[in-house]
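# Chain and residue survey
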Amino acid sequence: MTITHRACRLVKPLWLWKSALIRFSHFLLRRGETARLAGGSIVNTHIDLHMADYHIHMSNGSRKGGQSAAAKMDYISREGKYAKGRDARRIVESMNMPSGGLNDPADFWRAADDHERANARLFTEVEFSLPVELDASKQLQLVRDFAKEILPDEPLSFAIHEGKGANPHCHLIFSQRGLDGHERNRETFFKRANKKKPELGGTAKSRRFNFEKKGEHHSNWLCSVRETCAVMQNDA
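Thresholds applied
- Residues numbered from 1 in each chain as written.
- Predicted model: local features only at pLDDT ≥ 70, side-chain atom pairs only at ≥ 80, totals over all residues.
- Heavy atoms only, no water.
- Helix = DSSP H or I, 4+ residues; strand = E, 2+ residues; numbered from the N terminus.
- Buried < 20%, exposed > 50% of the residue type's maximum accessible area, 1.4 Å probe, protein only.
- Contact = heavy atoms within 4.5 Å.
- Salt bridge = Lys/Arg side-chain N within 4 Å of Asp/Glu carboxyl O.
- Pairing = 2+ DSSP bridges.
- pLDDT = per-residue confidence, 0-100.

Moving on, we get to the side chain of Gln139. Secondary-structure assignment places Gln139 in helix 4 (residues 136-150). Judged by relative accessible area, which is 3%, Gln139 ranks as buried. Setting aside anything within four residues of it in sequence, one finds Gln139 in contact with Arg90, Leu130, Pro131, Val132, Leu134, Ile160 and Pro168.

So this is what it looks like as structure tokens:
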């Protein structure tokens, strides 16, 4: 299920507007006709306009929907059957992986498939574009900082894709089960939480990821994530 962001106030990073203005100025000097500049000179131009693409959206993956957390990890990592013939993957990293035998990201996502409840969300994905004006190292740092800001306790993995050079973007998947300081094995981690004795149950899911079941409205969390993404890209 994909959650759109129509209810959110439109927030776009300044780099997008700057990029569009630069390209539009080039457009004015490249139209397929003549244009008179302020000094009175005449120049011949042609059309060559490419607008920057800014987007961010969230989607949930569930077993009921026919999805797999391990397969999604393979997809964003460009591993297995997704290794060839697709947009190149630049880097893959994970954060907040739990102890208790689940510190390997690939194994963590396989365990989610094996032990998460039948009707539960296996993972949530946030996909967002990255400023083309930043080099690869700064794009990576931006993603790391963004992940730490919006998901301080949740296990997550992300991959940056090249986007054929013109549309670099990030796929970030995370579990809604936030770490609480209790060590659990792969079977126990995904069990139902025990509110009275947390150490005896599974890791609880955060309520802040809830959204309306009907319609296309997303949670306040996604609205805040969209704004956080724009602010951090402005500051990068």
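Okay, the pattern of salt bridges next. Counting across every chain of the model gives eleven salt bridges. Across the salt bridge formed by Arg144 and Glu93, the nearest N and O atoms sit 2.5 Å from each other. With Arg144 in helix 4 and Glu93 in strand 5 (residues 89-95), this pair connects stretches of sequence that are 51 residues apart. Put simply, Glu116 and Arg177 hold a salt bridge, and the shortest N to O gap is 2.6 Å. In this pair, Glu116 is assigned in the loop between helix 3 (105-115) and strand 6 (121-129) and Arg177 in the loop between strand 8 (169-174) and helix 5 (186-189), connecting sequence segments 61 residues apart. Salt bridges linked by common partners bring Asp107, Arg110, Asp114 and Arg186 together as one network.

Our focus in this paragraph is the pairing of strand 6. The element strand 6 is largely enclosed, with a buried count of eight among its nine residues. With seven bridges joining them, strand 4 (residues 56-62) and strand 6 adopt antiparallel strand pairing. Residue His57 lies in a different strand from strand 6, and its bridge partner there is Glu127.

Let's shift gears to the confidence of the model for the protein. Caution is warranted with low-pLDDT regions, since their predicted coordinates should not be read in detail. A residue-level look at the protein finds 72% of positions with pLDDT of 70 or above and a mean pLDDT of 78. Within the protein, strand 7 (residues 156-161) carries the highest mean pLDDT (97), whereas strand 3 (residues 42-44) carries the lowest (35). Across residues 1-7 the pLDDT falls below 50, and counting only partners more than four positions away or on other chains, this stretch makes 25 contacts in the model.

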